[in-house]
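# Structure assessment
Single-letter residue listing:
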Amino acid sequence: MERTRWYKDAFIYQIYPRSFCDSNGDGIGDLRGIISKLDYLKELGITCVWLSPCYKSPNDDNGYDISNYRDIMDEFGTLEDWDEMVKGMHDRGIKLVMDLVSNHTSDEHFWFQEAKKSRDNPYHDYYIWREGKGKNKKKVPNNWTSRFGGTAWEYNEATDEFYLHLFTRKQPDLNWDNPKVRKEIQDIVKYWLDRGCDGFRCDVITYISKEEGLPNGKFNPFACGDEHFTHGPHIHEYLHELNVKVLSNYDCMTVGEGPGVNVDTGLLYTDESRRELDTVFSFEHVEVDTIMQALPKKFNLAKLKRIFEKYQHGLRGKGWNSLFFENHDQPRSLPRFTGDYGDKHDEAAKMLAMALYMMQGTPYVYEGQELGMTNYPFKSLDEFEDVLVRYVIDVIDKIKVIPWAKKVALKVFQKRARDHGRTPMQWDDSENAGFTVGKPWLAVNPNYKEINAKKEMADENSVWHFYKKLIAYRLGNPIIINGNFRQYYPSSKDVFCYEREYEGKKLFVIANFKNKYVPFRMPKEFVGKQGKVVLQNYADDPGLCDRILKPYEAVVYEL
Ligand code: NOJ
């Protein structure tokens, strides 16, 4: 099977099914809701969908806890709906990338239900078990913590052991060192590829191989143990095996979710000659405004640009990059990277798109980003749904910590909570933004009367139309796909400015990230050249010369 590497010239749209479109009024998005919006996706011009998990799940972590990999979650529909959905996508020239959650299952998965019964159960070794420490063996086996807080170990009475869960206690980690587990995952991947999907986004794939002996991790107030399970000892061997045995027989793509990935490790995963993954999501750029990936800190554009540049150069010609600002785990990029945009919402949203999507790598747009959907104005901790927030509230309540702890938590989550990216898609200005006729599982952003698909599709100057134009411009464009990258003014805290060049043709991008006027000196080599404006967020362009950039002004020239 020839692998065409179609993902190098794709535009991928991420759907978080719970929040996309509800067809049956239960307040939860579903597959028939997605089917009803396929023409919308086609019209926007995207060429592939990444669908967050839609498998059977008790929803402790909204589907990232799978209890049956070969069936569809009750709230989302049936396998027949899935077949119809994928056919509808393919008929419209849209591919489908599924979410492969293989670091852990749900504790309600049949394998775990069996595994926990006894130490000699045939499924016991599908998971990671250790005896407790201390005289009566009731102390946790090591100091690793769950990514959602607290110890990563849960005691199991029947076997008098603890099992490892790097996420909630309802998400036990699979033991990839067991060849039977690897075979199960290979079979699941094959099952969906044969059924018609075109690839996988591989959830926390960098965590699947744990260091032998599971040693204690260095102290870290938010997450202990990373260094012993990120890029673990057998990770490359296991991914290579999956590639050779299954993936390489299909013209599919994989993108690994890569906590802890940097340029060097990114290359190891995506170097074509190594045959592991095709692309990765690294997170350095979205951690730029965080302290230890958890607490918010001020956004610094110069830092963000340094990270972009590092990846643009580092992966070029060897591996393959991904371009994203948003997903279901991130707050919205507005106002995160733009600050308070006041009455410049549309200019800010378009600027971010130009700054990001003219670089090399596979571009991802997250549902609602094409409308400029924004963070939700959360006022109290009770409004959050995310398991991570619920955990923190629980701890604060249990140990009755200092009274202001809840206030601090609220401040942190107002900036960083994953719920910001999960509020229902804003389709129109009817009740619940047209997402559901029932009660939405998570509140709709009150700004839906101004920011919604129907309104924006009717307005040629909207953010939606801008995305449509940008997507059409980007697809098939050899400069964007292949060109090299050169940054100008890297230390500027206001402007991101770069050039792409391929076979004598250039793109030149200027993006003012600030809601203020910023003087801009045109680099010498461009002054007076005849550049054609291909994308811009203000109508009047003075050409390639020195100028004062307007708030959030951005422009892309072709020369
Ligand atoms: C990463 C997913 O994106 C996130 O939503 C989930 O909670 C964890 N992995 C655990 O599966």
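Bear in mind that the values here come from a model prediction, so they are computed numbers and not experimental data. Position numbers for residues count from 1 along each chain, tracking the sequence in the order it is written. A pLDDT threshold of at least 70 governs which residues receive local features in this predicted model, and a stricter bar of 80 or more applies before side-chain atom pairs are shown or counted, although totals over entire chains, interfaces and linings include all residues. Just so you know, side-chain values use all the structure's heavy atoms and leave hydrogens and water out.

### Details of helix α11 (residues 345-357)
Quick note on the threshold: Counting from the N terminus, the helices are the DSSP runs of H or I reaching at least four residues and the strands are the DSSP runs of E reaching at least two. To estimate how far a helix should extend, the number of its residues minus one is multiplied by 1.5 Å. Partly exposed describes any residue whose relative accessible area lies between the buried limit of under 20% and the exposed limit of over 50%, with all areas from a 1.4 Å probe on protein chains only and scaled to the type maximum.
With 13 residues, α11 should cover 18 Å at 1.5 Å per step; its first-to-last C-alpha distance of 18 Å lies within 8% of that length. Counted residue by residue, α11 has 12 buried out of 13 residues, so it is predominantly covered. Those residues of α11 lying buried are H345, E347, A348, A349, K350, M351, L352, A353, M354, A355, L356 and Y357.

### Remarks on the site of the ligand
Operational definition: Note on definitions. A residue lies near a molecule or strand when any single heavy atom of the residue is within 4 Å of it. N or O atoms within 3.5 Å of each other form a polar contact, as long as, within protein, one can give a hydrogen and the other can take it, and as long as residues adjacent in sequence are counted only when both atoms are side-chain atoms. Where accessible areas are quoted, they stem from the Shrake-Rupley method and a 1.4 Å probe; at the residue level, only the protein chains shown are allowed to cover. Nonpolar residues are Ala, Val, Leu, Ile, Met, Phe, Trp, Tyr, Cys and Pro. Charged residues are Asp, Glu, Lys and Arg, and all others, Gly as well, are polar.
Surrounding the ligand, one finds 13 residues, the nearest of these being D61, R201, D203, H328 and D329. One nitrogen or oxygen atom from the side chain of D203 is found 2.7 Å from an oxygen atom belonging to the ligand. In this structure, R418 approaches the ligand through a side-chain N or O atom, which is 3.0 Å from an oxygen atom. For the ligand, the accessible surface in isolation is 300 Å², of which the surrounding protein chains cover 98%. Counted by class, the shell around the ligand contains four nonpolar, two polar and seven charged residues.

### Re the sheet that holds strand β6 (residues 129-130)
Just so we agree on the cut-off: By the convention used here, strands pair only if DSSP detects at least 2 bridges between them.
Across the sheet, which stays open at both edges, the three strands sit in the order β6-β8-β7 with antiparallel pairing between neighbours. Every interior strand has two partners, whereas the edge strands, β6 and β7 (153-156), have only one. Bridge count for β7 against strand β8 (residues 161-164) is four bridges, and the pairing is antiparallel. From the neighbouring strand, W153 faces β8, where its bridge partner is L164.

### What to know about the domain arrangement of the protein
Selection criterion: The domain limits used here are those given by an automatic or database domain assignment.
Under the domain assignment used here, the protein contains domain 1 (104-173), domain 2 (379-416) and domain 3 (483-558). Here the C-alpha centre of domain 2 lies 27 Å away from the C-alpha centre of domain 1.

### Let's talk about the nonpolar core
As a reminder of what qualifies: Remark: nonpolar core denotes a set of buried residues (Ala, Val, Leu, Ile, Met, Phe, Trp, Tyr, Cys) joined through side-chain atoms within 4.5 Å. Contacts: residue pairs with any heavy atoms within 4.5 Å of one another.
By size, the foremost hydrophobic cluster in this structure holds 141 residues, and its most contacted members are W82 and F513. Ranked by residue count, the leading element in this core is α11, at nine residues. Counting the residues that make up this core, at least three belong to each of domain 1 (104-173) and domain 3 (483-558). Those residues in contact with W82, other than ones at most four positions away along the chain, are L31, C54, I72, L96, M98, W192, R195, G196 and C197. Core analysis: the second largest hydrophobic core is formed by 14 residues, F148, L164, L166 and L214 among them.

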